[in-house]
Amino acid sequence: MRFPKISRSLRQLSTHVLAIALGVVLAVSTLQVLPSQAEPAPTITVDTSNLIAQRQSPASAVIGSSSFVTAAVNRVGSAVVRIDTERTITRRVDPFMEDPFFRRFFGDGFSQQMPPSEQLRGLGSGFIIDKSGLVMTNAHVVDKADKVTVRLKDGRTFEGKVQGIDEVTDLAVVKINAGNDLPVAPLGSSTNVQVGDWAIAVGNPLGFDNTVTLGIVSTLKRSSAQVGISDKRLDFIQTDAAINPGNSGGPLLNGQGEVIGINTAIRPDAMGIGFAIPIDKAKAIAAQLQRDGKVAHPYLGVQMLTLTPALAKQNNTDPNSPIQIPEINGVFVMRVVPNSPAASAGIRRGDVILQIDGKAITSAEQLQNVVEDSRLGQVLQVKVQRGNKTEQLSVRTAELQNAS
């Protein structure tokens, strides 16, 4: 009977001894990893052959690197040019100033203070699109210029010859004779541009050569009517990259250094907003300017306004309104140009254009694009609302002679 008690005591003793031993081991281990006592950690070799590399996110790539703008500019920078223009304007001499009595009263020196002519100078930008020396720029940069001088980034200057101007799209092509090995700007596609993409403007704003500004694409398809230039037919790329006078005609680049637009400084009151002509539009216009020297634009000959039921109702509830407008969606004809295709077809002021060739028309910009995409002399079937009746009219497009 005493053996079980002895056995139980031995088991308790062994348990206490084991606990004490474990405590000693833990204490010693803790002392070994103290900073003052630790030995250099052994080198651990990890086999990375089977590990999957993690891709750096676009955001961290941009934030962590400042070279993507530099790379983009370096790709196109040498193809960006400065364009200086000179234009002489002649003043008509007022017969009053040649009158002997006037000269006797004011003296001969008064009339001599006003020179009969004055030389105006302009500044813009452009970029080379072909090794033969073709330069693309804005029409307003070189329009009516007597002399065009193109200066390359390396300092060389050449006299430029204007090959063609299209005022409607504000595009022009200039030719310089500088051999056949000029740097060429890589042209991208504006079709793939998205809101939020990087936008890099290169040019000579305010005479500061080789200036680069960075922003993003703010919006797409900003119509010329919304911008405030009704005599143009364009859907602009809007950007917050700084575009100032002198930038006109220079390239707007994407993050890869491809030209996606042509900078156009058209709103002097715009603060932090710039506009660019999409490069896909510019490519088509440039090809026609090289071939024909001009671009034929079909037109109808109406001044128009996008009409909505709300806008019509606002007009109709005004007791001083001279006309009642149908409360529908369409394009309201505010004015018909005399001797225009619209006038010949019988379109009247106050008509609401509903359809063209069976396609619903709901905005002035849409109507303008449909006409622009038509052929010269093409007959368009135009459905209009006139009072309480609808009329079907046939309008034959003609060539727009004067953009203004």
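Residues numbered from 1 in each chain as written. Predicted model: local features only at pLDDT ≥ 70, side-chain atom pairs only at ≥ 80, totals over all residues. Heavy atoms only, no water.

A.B. asks: I'd love a proper account of the overall build of the chain, names of residues and values included.
C.D. replies: Of regular secondary structure, the chain possesses 11 helices and 20 strands. Residues counted as buried form 37% of the 404 residues belonging to the chain. Within the chain, residue pairs in contact and separated by at least 24 positions form 64% of the contacts whose partners lie at least 6 positions apart. (Helix = DSSP H or I, 4+ residues; strand = E, 2+ residues; numbered from the N terminus. Buried < 20%, exposed > 50% of the residue type's maximum accessible area, 1.4 Å probe, protein only. Contact = heavy atoms within 4.5 Å.)

A.B. asks: Break down the pairing of strand 3 (residues 134-137) for me, citing the residues and quoting the values.
C.D. replies: Side chains Leu134 and Met136 project from strand 3 onto one buried face, and the interleaved Val135 and Thr137 project onto a second face that is buried too. The pairing of strand 2 (residues 117-130) with strand 3 spans 3 bridges and is antiparallel. Counted as the bridge partner of Asp130 is Leu134 from strand 3. Bridge analysis of strand 3 against strand 6 (residues 171-175) gives 4 bridges, and the strand direction is antiparallel. Each residue of the ladder has a partner; that of Met136, found in strand 6, is Val173. (Pairing = 2+ DSSP bridges.)

A.B. asks: Mind laying out the layout of surface pockets, listing which residues take part and the relevant values?
C.D. replies: The computed volume of the second largest pocket comes to approximately 590 Å³. Residue lining of the second largest pocket: 34 residues in total, with His140, Pro245, Gly246, Ser248 and Ala265 positioned closest to the centre. Contributions of two or more residues to the lining of the second largest pocket are made by strand 1 (80-90), strand 2, helix 6 (139-142) and strand 12 (274-278). Partitioned by chemical class, the residues of the lining of the second largest pocket number 16 nonpolar, 9 polar and 9 charged. (1 Å grid on protein atoms, 1.4 Å probe; cavity = no way out; pocket = protein on both sides within 12 Å on 5 of 7 lines; lining within 4 Å. Points joined across faces, edges and corners; volume = space filled by probe spheres on them. Nonpolar A, V, L, I, M, F, W, Y, C, P; charged D, E, K, R; others polar.)

A.B. asks: Go over the packing of aromatic side chains with me, naming the residues and quoting the values.
C.D. replies: In total, this model carries 2 aromatic pairs according to the counting rule given. Measuring from centroid to centroid gives 5.2 Å for Phe68 and Trp198, while their planes differ by 50°, and the two rings are tilted. Taken together, the positions of Phe68 in helix 3 (residues 68-76) and Trp198 in strand 7 (residues 198-203) put the pair 130 residues apart, joining distant regions of the chain. Overall, Phe68 belongs to the partly exposed group, its relative accessible area being 22%. (Phe/Tyr/Trp six-rings, centres within 6.5 Å; stacked < 30°, edge-to-face > 60°.)

A.B. asks: Give a detailed account of the pairing of strand 4 (residues 147-151), specifying residues and quantitative values.
C.D. replies: Every regular strand shows the same layout, with side chains that alternate between the two sheet faces. Because side chains alternate across strand 4, one face comprises the buried residues Val148 and Val150, and the other comprises Lys147, Thr149 and Arg151, none of which is buried. Judged from the 5 bridges that link them, strand 1 and strand 4 form a sheet pairing that is antiparallel. When the sheet's bridge partners are listed, Thr85 is paired in strand 4 with Val148. The sheet contact formed by strand 4 and strand 5 (residues 157-166) spans 4 bridges and is antiparallel. The partner of Thr149 across the bridge, within strand 5, is Glu159. Linking strand 4 back to strand 5 in an antiparallel pair, the connection comprises 5 residues, with Gly155 at a positive phi of about 100°.

A.B. asks: Tell me about the nonpolar core, and please be specific about residues and values.
C.D. replies: In this structure, Ile83, Phe127, Val150 and Ile262 are the most contacted members of the largest nonpolar core, which totals 45 residues. Sorting elements by how many residues they give to this core places helix 8 (residues 279-292) first, with 5 residues. Not counting residues up to four positions away in its chain, the partners in contact with Ile262 are Phe127, Met136, Asn138, Leu171, Gly249, Gly250, Phe275, Ala276, Ile277, Ile279 and Ala282. Val331, Val333, Leu367 and Leu393 belong to the second-largest nonpolar core, a separate cluster that totals 18 residues. (Core = buried A, V, L, I, M, F, W, Y, C linked by side-chain atoms within 4.5 Å.)

A.B. asks: Describe unusual backbone geometry, listing the residues and the values that go with them.
C.D. replies: Trans is the common state for peptide bonds, and a negative phi is the common state for residues other than glycine. Phi at Leu206 is positive, roughly 55°, even though this residue is not glycine. With respect to the helices, strands and loops of the structure, Leu206 is situated in the loop between strand 7 and strand 8 (211-223). On the accessibility criterion, Leu206 (58% relative accessible area) is exposed. The residue Asn210 is not glycine, and still its phi comes out positive at about 55°. Within the secondary structure layout, Asn210 lies in the loop between strand 7 and strand 8.

A.B. asks: Let's hear about the side chain of Thr85: which residues, and what values?
C.D. replies: Position of Thr85 relative to the elements: it lies in strand 1. A relative accessible area of 8% places Thr85 in the buried class. Here Thr85 is in contact with Leu120, Arg121, Gly122, Val141, Val142, Ala145, Lys147 and Val148, once residues within four sequence places are set aside.

A.B. asks: Let's hear about the pattern of salt bridges: which residues, and what values?
C.D. replies: Within the structure shown, the criterion is met by 12 salt bridges. For Asp84, the salt bridge goes to Arg82, with nearest N and O atoms at 3.1 Å. Two residues, Glu372 and Arg233, come together in a salt bridge whose shortest N-O distance is 2.7 Å. Of the two residues, Glu372 sits in helix 11 (residues 364-372) while Arg233 sits in the loop between helix 7 (224-227) and strand 9 (235-239), which places them 139 residues apart along the sequence. (Salt bridge = Lys/Arg side-chain N within 4 Å of Asp/Glu carboxyl O.)

In short, the description is geometric, and any link to function would need to be established separately.
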